[in-house]
Every structure is written in C-alpha cells, then in structure tokens.
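A structural walkthrough
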Amino acid sequence: MEIRQLEYFVAVCEELHFTKAAERLGITQPTLSIQIRTMEEEVGTLLFDRIGKKITLTEAGFILLRQARSILLKLQDAFDEINGLREYTGGNLVVGVMAAELDYRITPILIDFHHQFPNIHLKISSAIEVAEMVINNVVDIGITLIEFTDPRLVTTPLYTEEFVLVVSENHELADQQSISLEALPSIPLVLYPKGFKGRELIERHCKEHGLNLNIIIETSTASSLYGFVKSNVAACIQPYSLSASLNDPTLRLIKIADFPPTRQIGIMHRTDKYLGVAALEFMRMIEKHLKM
C-alpha cells in the first residue's frame, strides 16, 4: 500500500464523498474510486459501505483511518525534523485558537511571529473544540481553555482570570464597582450560544450556586456580543482582561465580588508531535506575552 493511497483514503474519509475528495486531491473521481477499490482488495474487505450516493466507513475503515493518520503524521514529522537540521526558513504551522482570543489578544502576537518567520505558511483556525483539534492532528498547536488532562497532550498554563459583568455606560448598574453572583439572574444578558466553552463554564458555575441566568439574546461572535452591550440592549459576562483589552470608554466592567466564574487558558500540543524551530519560537512568544 502506497503513501499516496493512504492520502487518498483519508481524503475520502474526511469528505465522505468521492467527487468532493477527488476535487480536493486534484484527480478524477474514477481514478480515486479505482485506488480505493485497489486498497480494499489488498486488505481483503470493504473500507466503505456504499448506499446510493452516500458512503460511510466500515469497522475496517475506521481502523485503517486511525493508522493512516498516524503514519502520515509520522512521515510529516520526519520531513519537519530533517528540515530542522538546517536553518528553518520555510514550512507550515497550523494553530487553533478560540475565536475571541484570536480577535482581541492573539493576532498581534501572530503578526510579530510572521515578521520573524516570513517564509512560514501560517494557518490560524478559530474554533470551539481546540483541544480535540490538537488531539486529532488537525492543528499543530492549540490555545484554549484547560478543561481536562489527556496523556496525549502537553499543556502549559498561560493565565487564569475572572469573569466580570460588562455593561454599557448607560446601564443602570454602570456606576457600581462590584456585584454579587446572586444578583446576576435579575439582569438581562447576551451570551454565546449553547456549546460555546465560555457559555458552558458560566452556566455550570451559576447552577452550582443554584442560579439560572436570564439570557435574552444569543450570538456567536464577540464583536456582536459587545455590540449589544454597548447599545444597552443587555449586559454580558466576559473575562476581565479580554474586555479590558478593548479599551472602550463606553463599557463598564463590574467585578463579581463573591464566587466569580474563572477560566484557565493554556497552550498545548501532542506529546508525540515534532515541533520545529518556528513552532517552538511561536510557543515561546505566546508564553512571553501571555503567561502570568
């Protein structure tokens, strides 16, 4: 079985559509189908169940996918390590970051990194499940909430921060310096939709204290969230330093005096992932700017 065939197989697994996978690979659909059939003949069983135009992985297909990804990763690591023997002037670095952190905190560091390594092709993905992307080798390095330990990950804590209530300068609470956690259910809020890490963290924390929040608006971007707050439509609960970094005179940050929700942000990569000079320098820059 050839490396090229494994690459073809992984593409079909990810697209679950032969035509789309062929377009992604830059080959014809019949050529791709022939390669997959050749692989099935070699392993002696079907790798895909074909139901009309839909395809799904068989149990054998899942096994081969797991091993194929591992083989391709090891091969790429070998190429990267060989490149690391000489001055690192090219290559790729894929970084996964939570969207709000990317918008308001990480981008300036990425710009500095690009200036230092202009020949590195940098790909940044904003996502919710960043840790899972690192585990699945979708990204090389992740910056996200530290929620669990996993033996496949090397995680370095960067900082821990409290959430605060953010209101408009025209909000009735704008002059208050602090508020109790128990007062939050009486305040109309705009938060991220369910499934977002910050939303889950805040709601879980409040429910542990027997509180249910009054969420009147849900929006999936930080700029939209703060827009509703600045228009005095609702308040929001956001990390202090993230909100303070906006440096917006129309916003007021109110400390939650008792039992504030907190979050811990870290940078992570797989334990078996080879990190070249550029990747290590990127991590060093992130730690220098963000580690507290």
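The sections below set out a description of the structure shown in this document.

**Notes on the pairing of strand 8 (residues 188-191)**
Regular strands place their side chains on alternate faces of the sheet. Across 4 bridges, the pairing between strand 8 and strand 9 (residues 214-218) is parallel. When the bridges of strand 9 are listed, Leu-191 appears paired with Glu-218. Handedness of the crossover joining strand 8 and strand 9 through helix 7 (residues 197-208) is recorded here as right-handed.

**Looking at helix 10 (residues 277-290)**
Between its terminal C-alpha atoms helix 10 stretches 20 Å, which fits the 20 Å expected from 14 residues at 1.5 Å a residue. Those residues of helix 10 that are buried lie in contact with strand 3 (92-97), helix 5 (99-116), strand 5 (141-145), strand 6 (153-168) and strand 12 (262-270).

**As for the packing of helix 1 (residues 3-15) against helix 2 (residues 18-25)**
Remark: helix 1 packs on helix 2, axes separated minimally by 8 Å, with the N-to-C direction vectors making an angle of 130 degrees. Here helix 2 runs oblique to helix 1, going by the angle between their axes. In the packing of helix 1 onto helix 2, the handedness of the crossing is right-handed. In this structure, helix 1 uses Glu-7, Tyr-8, Ala-11, Val-12, Glu-14 and Glu-15 to contact helix 2, whose residues at the interface are Phe-18, Lys-20, Ala-21, Arg-24 and Leu-25. Across the contact of helix 1 with helix 2, the residue classes tally to 6 nonpolar, no polar and 5 charged.

**Considering a nonpolar patch on the surface**
On the surface, Ile-3, Ile-71, Leu-75, Phe-79 and Ile-82 cluster together to form a nonpolar patch covering roughly 400 Å² of accessible area. In terms of residue count, the dominant contributor to the nonpolar patch is helix 4 (residues 59-83) (4 residues). Mapped onto the elements of the fold, Leu-75 is located in helix 4. With relative accessibility at 31%, the residue Leu-75 sits in the partly exposed group.

**Description of the pattern of salt bridges**
This structure, assessed with the given rule, holds 21 salt bridges. Glu-2 is the salt-bridge partner of Arg-4, the closest N and O atoms lying 3.1 Å from each other. What makes Glu-2 partly exposed here is its relative accessible area of 43%. Arg-263 serves as the salt-bridge partner of Glu-161, at 2.8 Å between the closest nitrogen and oxygen. Placement of the pair is Glu-161 in strand 6 and Arg-263 in strand 12, with a sequence separation of 102 residues. Of the two residues, Glu-161 and Arg-263, both sit in the buried class. Linked through salt bridges whose partners overlap, the residues forming this network are Glu-14, Glu-15, Arg-24 and Arg-69.

**A look at the environment of Leu-65**
When you line up the elements, Leu-65 lands in helix 4. When its relative accessible area of 9% is taken as the criterion, Leu-65 is described as buried. Put simply, Leu-65 and Asp-77 are 12 residues apart on the chain and 18 Å apart in space, counted from C-alpha to C-alpha. Ignoring sequence-local partners within four residues, the contact set of Leu-65 consists of Phe-9, Val-10, Cys-13 and Leu-57.

**Side note on the packing of aromatic side chains**
Per the stated rule, a full pass over the model turns up 5 aromatic pairs. With a centroid separation of 5.5 Å and 85 degrees between ring planes, the pair formed by Phe-113 and Phe-282 is classed as edge-to-face. One end of the pair, Phe-113, is in helix 5; the other, Phe-282, is in helix 10, and 169 residues separate them in sequence. Relative accessible area serves as the criterion here: at 1%, Phe-113 is assigned to the buried category. Connected via pairs of aromatic rings, a cluster forms that spans Phe-9, Phe-18 and Phe-48.

**Regarding the side chain of Glu-203**
Among the structural elements, Glu-203 can be located in helix 7. By relative accessible area, Glu-203 is classed as buried at 16%. Engagement of the side chain of Glu-203 in a polar contact is seen with the side chain of Lys-194, the distance being 3.2 Å. Sequence-distant contacts of Glu-203, defined by excluding residues within four places in its chain, comprise Lys-194 and Ile-215.

**Things to note about empty space enclosed by the protein**
According to the stated counting rule, one finds 1 cavity of 30 Å³ or more in the structure shown. By volume, the largest cavity amounts to about 60 Å³. Considering the residues around the largest cavity, the lining is formed by 13 residues, among which Ala-131, Thr-144, Leu-145, Glu-147 and Phe-148 are closest to the centre. Looking at the lining of the largest cavity, the elements with two or more residues in it are helix 6 (130-135) and strand 5. Top contributing element to the lining of the largest cavity by residue count: helix 6, with 3 residues. Across the lining of the largest cavity, the residue classes tally to 8 nonpolar, 1 polar and 4 charged.

What counts and how
Residues numbered from 1 in each chain as written. Predicted model: local features only at pLDDT ≥ 70, side-chain atom pairs only at ≥ 80, totals over all residues. Heavy atoms only, no water. Pairing = 2+ DSSP bridges. Helix = DSSP H or I, 4+ residues; strand = E, 2+ residues; numbered from the N terminus. Right-handed = clockwise from strand over helix to strand, strands pointing away. Expected span 1.5 Å × (residues − 1). Contact = heavy atoms within 4.5 Å. Axes fitted to C-alpha atoms, helices over the stretch in contact; angles between N-to-C directions. Parallel < 35°, antiparallel > 145°, perpendicular 65-115°, else oblique. Left-handed = near helix turned anticlockwise from the far one by under 90°. Nonpolar A, V, L, I, M, F, W, Y, C, P; charged D, E, K, R; others polar. Patch = residues over 30% accessible without salt bridge, like charges linked within 9 Å, V, L, I, M, F, W, Y side chains within 5 Å. Areas by Shrake-Rupley, 256 points an atom, 1.4 Å probe, with all protein chains shown as cover. Salt bridge = Lys/Arg side-chain N within 4 Å of Asp/Glu carboxyl O. Buried < 20%, exposed > 50% of the residue type's maximum accessible area, 1.4 Å probe, protein only. Phe/Tyr/Trp six-rings, centres within 6.5 Å; stacked < 30°, edge-to-face > 60°. Polar contact = N/O pair within 3.5 Å; in protein donor to acceptor, adjacent residues only side chain to side chain. 1 Å grid on protein atoms, 1.4 Å probe; cavity = no way out; pocket = protein on both sides within 12 Å on 5 of 7 lines; lining within 4 Å. Points joined across faces, edges and corners; volume = space filled by probe spheres on them.

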